[in-house]
Amino acid sequence: MTTATDFTLAELLICACADVWAEEGEILATGIGIIPRIAQGLAKLTHSPGLMITDGEAYLVEEPVAIGAKNHEGRSYGGWMPYARVFDSLWHGRRHALVGPVQVDRWGQANISCIGEFSKPKRQMLGLRGFPGNSINHANSFFVPNHGPRVFVEKEVDLVCSVGYRKERWPAGVNSDYMSIHHIVTDLCVMDFGGPDHAIRVISLHPGVTFEQVQAATGFPLLQAPDIRETAHPTAEQLAIIRKLDPRDVRSKQLKDNPPGMRRAA
Amino acid sequence: MKIDKQKSAAEVVASLKSGMTIGIGGWGPRRKPMALVREILRSDLKDLTIVGYGGTDMGMLCAAGKVRKLIYGFVSLDFIPLEPFFRKAREAGTIEAMELDEGLLHWGLRAAAMRLPFLPTRSGLATDQIAKVNPDLRMVTSPYDDGEVLLAMPAIKLDVALLHVHKADRLGNTRLYSPDPFFDEQMARAADRCIVSCEELVDRIDSDEADARFNPYERSLVTAVVLTRGGAHPTSHVPGYGWDAAHLKRYCAAAEEDNGWANYCAEFLGGDEAAYQKAVGGLDAITSLPRQVF
């Protein structure tokens, strides 16, 4: 296993996103968006062969489908996963989704519904979608390709779509045993909820990024994990798999100007 | 007497009334009974409550001022994540919005399908689903030793369900060969009347066992069948045809124009369904649209 020196930030993020599923075993992995979707395939083809992933529609595949394929040629299916079964599976808990929230607060509560008042929003976004049910029933991680104070807001998110670790939000008698937020992968760092009372902490910084830079781009105070380190660089093996999963290099269009993975310190 | 449930789109829409709650099957830009929706757009119906996993159906009905309330898991065209006429209606505050977690919508339909007042779930708790979005939703405590507090999702009873399938017969038997049946079956059961549009209509389906497995719901649920070849356009109908991405982009662009909806209506909805199909390139063009690859 050799570590590559020439890689893009998108490729670094794909590898960091793949790691959210490490040690999950035989569960449904759902990555929403191009980078998380390549990442779920990478996870399955490297450390987590037990993961179940779909073809992006209604079938389970053991060979991840390539991004941007022009037809269904050569595809084969192991199982069926229509939306009714997705709900059954997620209520059962055997799923870990990597989703892209618009706002995240210090408690890990996320918003994708709207900005402003719900009754007459300043900006209608996607709506609650599956966030309430997903978040209270199974593990979730977040992918944020634009780490900044508008995403990581100072106060509570405008509309709490997915549950977090804010105790006042949990009525007495409601079961929080099945919720967990594993990781937040951003274009600056990887974070988890391993601080006191699930406080968010930075566990790795991408090459060339400082903790101070991350803190300045975040609307609430962050902790540093005691063993904070640099985010692992992609290996040659990982890059080869990523090229196979994304032969048309759609990943290069996901981040503005497709920055290199090795950024100079600001 | 012999059962014959065949009706025309005009006949079934004439049987609907303003103020009704109408569930529309499919999912986003997939397998929407759009020929029936277009017939509603041409009608005088108003003050409707529309229920579903919305796409162009909800967007067009909002644009045409037919909607009092939407009950939705989302309103999206997938490759265009937010339905633009839905967004406009929301931001203008012109419709009542019952926005639901996707699973809660399923659960509300299922409660109605089972003639229950509600079904319990954890989905929605500890979020703004109750606090800011639907303050009318209530919680319930498990009567067993666990004492868990759950959300009581109320039944979403439908006056009518509008669904689209591959094939139907005059008795109301149906076949649906799509990769995903979505929640059409729950809608059929949650509704007092279920109107099914189809790509092919025969007198009586007499299939083998394997094919009978593609029967999505039993015929006693089906009130009327309407032959609408190409009737899901501009949404997809797989296997069969893909969604019409170019038309959907044209439609979405209308949301950004002054009088965009009126222009869209003038170009595509001025005449009957045959005129619509001609305006979008003809039935052959619709049924040759390639299936999307994800």
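Everything quoted here is computed from the prediction, not taken from an experiment. (Residues numbered from 1 in each chain as written. Chains lettered and ligands numbered in written order. Predicted model: local features only at pLDDT ≥ 70, side-chain atom pairs only at ≥ 80, totals over all residues.)

### Some points on the overall build of chain B
Stage number 1. Along the backbone of chain B there are 12 helices and 11 strands.
Stage number 2. Scaling as 2.2 N^0.38, a compact globule of 294 residues should have a C-alpha radius of gyration of about 19 Å, and chain B matches this with 19 Å.
Stage number 3. Seen through its C-alpha atoms, chain B measures out along the principal axes to roughly 60 × 55 × 40 Å.
Stage number 4. Relative to its full complement of 294 residues, chain B shows a buried share of 52%.
Stage number 5. By sequence separation, contacts in chain B at least 24 residues apart represent 74% of the contacts at least 6 residues apart. (Helix = DSSP H or I, 4+ residues; strand = E, 2+ residues; numbered from the N terminus. Rg over C-alpha atoms; globule rule 2.2 N^0.38 Å. Buried ≥ 20, exposed ≤ 12 C-beta atoms within 10 Å, placed from the backbone. Contact = placed C-beta atoms within 7 Å.)

### Examining the interface of chain A and chain B
The accessible area lost on association of the parts is a frequent measure of interface size.
Stage number 1. Listed per partner, the contact involves 41 residues of chain A and 37 residues of chain B.
Stage number 2. Of all elements in the fold, only helix H3 (83–92) and helix H4 (131–137) of chain A reach the threshold of two or more residues within the side of chain A that touches chain B.
Stage number 3. Tallying contributions element by element places H4 of chain A first for the side of chain A that touches chain B, with 4 residues.
Stage number 4. For the side of chain A that touches chain B, the class distribution of residues is 22 nonpolar, 13 polar and 6 charged. (Nonpolar A, V, L, I, M, F, W, Y, C, P; charged D, E, K, R; others polar.)

### Topic: the environment of Gly-240 of chain B
Stage number 1. Structurally, Gly-240 of chain B is set in the loop between strand E11 (224–227) and helix H9 (245–254).
Stage number 2. If sequence neighbours within four positions are ignored, Gly-240 of chain B has contacts with His-166, Glu-199 and Thr-287 of chain B.

### Let's talk about the pairing of strand E5 (residues 118–121) of chain B
All names here are of chain B.
Stage number 1. Of the two faces of E5, the one holding Leu-119 and Thr-121 is buried and the one holding Phe-118 and Pro-120 is not buried anywhere.
Stage number 2. The pairing of E5 with strand E7 (residues 149–154) spans 4 bridges and is classified as antiparallel. Paired with Leu-119 across the two strands is Met-153, which belongs to E7. (Pairing = 2+ DSSP bridges.)

### Thoughts on unusual backbone geometry
Stage number 1. With an omega of 5 degrees, the peptide bond between His-233 of chain B and Pro-234 of chain B qualifies as cis.
Stage number 2. Inspection of the secondary structure puts Pro-234 of chain B in the loop between E11 and H9.
Stage number 3. That bond from Val-238 of chain B to Pro-239 of chain B is cis: its omega, -5 degrees, falls within 30 degrees of zero.
Stage number 4. By the secondary structure assignment, Pro-239 of chain B is in the loop between E11 and H9.
Stage number 5. Not every positive phi belongs to a glycine, and Arg-129 of chain A is a case in point at roughly 45 degrees.
Stage number 6. Note that Arg-129 of chain A resides in the loop between strand E9 (123–124) and H4.
Stage number 7. Phi is positive for Asp-78 of chain B, which is not a glycine, with a value near 65 degrees.
Stage number 8. Note on placement: Asp-78 of chain B falls in the loop between strand E3 (67–75) and helix H4 (84–92).

### Regarding the sheet that holds strand E1 (residues 28–31) of chain A
Residues and elements named next belong to chain A.
Stage number 1. Pairing in this open sheet of 7 strands is mixed, and the strands run E1-E5-E10-E11-E12-E13-E14 from one edge to the other. The open sheet is flanked by E1 and strand E14 (223–230), the only strands paired with a single partner. In this sheet, neighbouring strand axes are inclined to one another by 15 degrees on average, regardless of whether the strands run parallel or antiparallel.
Stage number 2. As paired strands, strand E13 (residues 201–205) and E14 are joined by 4 bridges and run parallel to one another. Residue Arg-201 lies in a different strand from E14, and its bridge partner there is Leu-223.
Stage number 3. Contacts between helix H1 (residues 9–18) and the sheet are confined to E1, strand E5 (95–99), strand E10 (139–144), strand E11 (180–186) and strand E12 (189–192), with E11 contributing the most and set at about 170 degrees to the helix.
Stage number 4. Together, E1, E5 and E10 form the strand contacts of helix H2 (residues 34–45), whose direction differs from that of E1 by roughly 150 degrees. (Axes fitted to C-alpha atoms, helices over the stretch in contact; angles between N-to-C directions.)

### Observations concerning the nonpolar core
A general feature of soluble globular proteins is that nonpolar side chains tend to end up buried together.
Stage number 1. Counting residues in each nonpolar core, the largest one holds 144 residues, and the members touching the most others are Ile-14, Cys-17 and Leu-42 of chain A together with Leu-36, Leu-61, Leu-158 and Ala-161 of chain B.
Stage number 2. In terms of residues, this core owes the most to one element, H1 of chain A, which gives 9 residues.
Stage number 3. Not counting residues up to four positions away in its chain, the partners in contact with Leu-61 of chain B are Val-37, Ile-40, Leu-48, Ile-50, Lys-66 and Val-67 of chain B. (Core = buried A, V, L, I, M, F, W, Y, C linked by C-beta atoms within 7 Å.)

### Here's the deal with the confidence of the model for chain B
Stage number 1. Predicted confidence across chain B gives a mean pLDDT of 98, with 100% of residues reaching 70 or more.
Stage number 2. This complex was scored by the predictor with a pTM of 0.97 and an ipTM of 0.96. (pLDDT = per-residue confidence, 0-100.)

### Description of the sheet that holds E7 of chain B
All names here are of chain B.
Stage number 1. Across the sheet, 3 strands lie side by side as E5-E7-E6; this open sheet has antiparallel pairing. This sheet does not close on itself; its edge strands, each paired only once, are E5 and strand E6 (138–141). The sheet shows a mean angle of 45 degrees between the axes of neighbouring strands, direction not considered.

### What about the packing of H1 of chain A against H2 of chain A?
Helices that pack against each other are described as a pair by the angle of their axes relative to one another and the distance between those axes.
All names here are of chain A.
Stage number 1. Relative to each other, H1 and H2 sit at 55 degrees, their axes nearing to 8 Å. Here H2 runs oblique to H1, going by the angle between their axes. Our pair here, H1 against H2, has a crossing hand that is right-handed. Contacts between H1 and H2 pair Ala-10, Leu-13, Ile-14, Cys-15, Cys-17 and Ala-18 from the former with Ile-35, Pro-36, Ile-38, Ala-39, Leu-42 and Ala-43 from the latter.
Stage number 2. When its residues are assigned to classes, the contact of H1 with H2 shows 12 nonpolar, no polar and no charged. (Parallel < 35°, antiparallel > 145°, perpendicular 65-115°, else oblique. Left-handed = near helix turned anticlockwise from the far one by under 90°.)

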